[in-house]
Every structure is written in structure tokens, then in C-alpha cells.
Amino acid sequence: MPPGARQRGVKVAVLEAETMGWGASSRNGGMVLTGLKLGMQSIAGKYGLDLARRMWQCSLEAILLVEQIVRDEKIDCGFARTGHLLAASKPWSLFGPRAEAAYMDREFGHSLRLVPQSRQRSEIGSDTFYGGLVDDLSAGLNPAQYVTGLAGAAAGRAPYCVQARACCRSSGEPGPSTL
Ligand SMILES: Cc1cc2nc3c(=O)[nH]c(=O)nc-3n(C[C@H](O)[C@H](O)[C@H](O)COP(=O)(O)OP(=O)(O)OC[C@H]3O[C@@H](n4cnc5c(N)ncnc54)[C@H](O)[C@@H]3O)c2cc1C
């Protein structure tokens, strides 16, 4: 349940067909990153700069929210602001990130660090790539531990927390499903 939801009288039921966190949420890479899938320059081109700035802000707040939940619920999941590196797979692949870094600085007041190949080992312990772009605000965690911690917190709070395959099948008929 999101922080503050209980105080606002929100009632939540968690229904899971398998075990809590069965899906991608417990099996993903655990990267808690700034921004969205597309670069912000592309997003601003599609949706305009104002909306892009709001989306960017949401992405920063999402990281803060995860950080706050981990702290408040005392979830032992290795959450750390490690930053993330966008690696260049070809020598010329740094041109895009370089332009994105300049754009982010100018339009979003957000600074990204260009890391040349000569210094990349200190970031990722590998010489495989041709340098990259680091965002120091990004974080990482162990997703299975995070989800286990969330499930424990939800079990103590949610009025209904149901974990059973049979209860979650829809009849397939039109209209509301029976649980
Ligand atoms: C390989 C991989 C790596 C990823 N890496 C990252 C990453 O590093 N960082 C990041 O931010 N995102 C990452 N993602 C994306 C992220 O994991 C997903 O966006 C996120 O898990 C989606 O959450 P969800 O709750 O919508 O779905 P899920 O986490 O998949 O949860 C859906 C749940 O619904 C249950 N369910 C299905 N049908 C029913 C039913 N009828 N009744 C009840 N329950 C049902 C399933 O059992 C499942 O547990 C990655 C995804 C993948 C696949």
C-alpha cells in the first residue's frame, strides 16, 4: 500500500494467482532508473517539453518513493544509489549520449557524466564497451528481496491478501468475475 494510503482510508485487496511477486516484479534486473525507456529528447519531441519535464519529475519521484518504502518498511534488499551507466557498444555510439547529456543539462537542469573508455573500468569493472553516460541519481536493488519485503508489509496492512490460484480465475463469461 502506498505511504499515507491507510491514513487516507484507502482499502486495498491484493489478489495473486501464484505466490506474491510471482511475475516479472521479483525477477527483473532490479534497476531503479531515472527517466523513461525513450530518451527525454525524444519524449519532448513527441509530447512537448512541459509534459516531458513532468514525466521526468515523476521518474525522480518514483525512485524517491522506492527509497522511502525500503527505509520505512526496513526492507533488506540492498537498495543503493549506485547510478547507472548507458554503455556505448560502438566507438561512435557515444555521439547520441553526448548530445543527450548536453540537452539534459540545458532543458532539465540535470547533469549526466560522460565516462571515456579509459575510465570505464572504474565504473563497471570491464573494458568491453567504448565508454558511456552515467546518471548518478539512479539506484539498484535485489527485486526478489524487495518484493518479499513488500509482501510482508502488505500482509500486515491489507484487509485482504489472497494468494491462491483457484480464487483468481475469471469465469470467462461477460460481467464481473467471481472470486
Ligand atoms: C527480464 C526482465 C527484466 C526487467 N528489468 C527491469 C529493471 O531492471 N527495472 C525495472 O524497472 N523494470 C524491469 N523490468 C520490467 C518490470 O519487471 C515490469 O514492468 C513489472 O514487473 C510489471 O509489474 P506488474 O505488477 O505489472 O506485473 P508482474 O510483476 O508480472 O505481476 C503480475 C502478477 O499477476 C499475477 N496474475 C496473473 N493473472 C492473474 C489472475 N487472473 N489473478 C490474480 N493474479 C494474476 C501473476 O502471477 C503475477 O505475479 C524487467 C522485466 C523483465 C521481464
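You'll find the structure just up there.
Residues numbered from 1 in each chain as written. Predicted model: local features only at pLDDT ≥ 70, side-chain atom pairs only at ≥ 80, totals over all residues. Heavy atoms only, no water.

Caption draft 1: Representation of the packing of helix 1 (residues 40-47) against helix 2 (residues 49-72) within the structure. Two elements in contact, helix 1 and helix 2, have axes whose closest approach is 7 Å; the angle formed by their N-to-C orientations is 135°. It follows that helix 1 is oblique to helix 2 by the angle criterion. The handedness of the crossing between helix 1 and helix 2 is right-handed. On the side of helix 1, the interface is formed by Met40, Ile43, Ala44 and Tyr47, while helix 2 contributes Leu49, Leu51, Ala52, Met55 and Trp56. Residue classes in the contact of helix 1 with helix 2 are distributed as nine nonpolar, no polar and no charged. (Axes fitted to C-alpha atoms, helices over the stretch in contact; angles between N-to-C directions. Helix = DSSP H or I, 4+ residues; strand = E, 2+ residues; numbered from the N terminus. Parallel < 35°, antiparallel > 145°, perpendicular 65-115°, else oblique. Left-handed = near helix turned anticlockwise from the far one by under 90°. Contact = heavy atoms within 4.5 Å. Nonpolar A, V, L, I, M, F, W, Y, C, P; charged D, E, K, R; others polar.)

Caption draft 2: Structural detail: the sheet that holds strand 3 (residues 84-87). In space, the three strands of this open sheet follow the order 3-5-4, with antiparallel pairing throughout. Two strands in the sheet have a free side with no partner beyond their single neighbour: strand 3 and strand 4 (113-115). For this sheet the average axis-to-axis angle between neighbouring strands, irrespective of direction, equals 30°. Of the pairings in the sheet, the one linking strand 4 to strand 5 (residues 132-135) comprises three bridges and is antiparallel in character. If you follow valine 115 over to strand 5, its bridge partner there is glycine 132. (Pairing = 2+ DSSP bridges.)

Caption draft 3: Structural detail: the packing of aromatic side chains. In total, this model carries two aromatic pairs according to the counting rule given. Each ring, one from tryptophan 56 and one from phenylalanine 108, has its centre 6.0 Å from the other, and the planes form 75°; the classification is edge-to-face. Taken as a pair, tryptophan 56 in helix 2 and phenylalanine 108 in helix 3 (residues 95-108) lie far apart in primary sequence, 52 residues in all. Phenylalanine 108 matches tryptophan 56 in its accessibility class, with the two residues each being buried. Each member of the aromatic cluster is reached from another via a ring pair, and the members are Trp56, Tyr103 and Phe108. The ring of tryptophan 22 has arginine 27 lying over it, and the distance from NZ or CZ to the ring centre is 5.0 Å. (Phe/Tyr/Trp six-rings, centres within 6.5 Å; stacked < 30°, edge-to-face > 60°. Buried < 20%, exposed > 50% of the residue type's maximum accessible area, 1.4 Å probe, protein only. Lys NZ or Arg CZ within 6 Å of the ring centre and 35° of its normal.)

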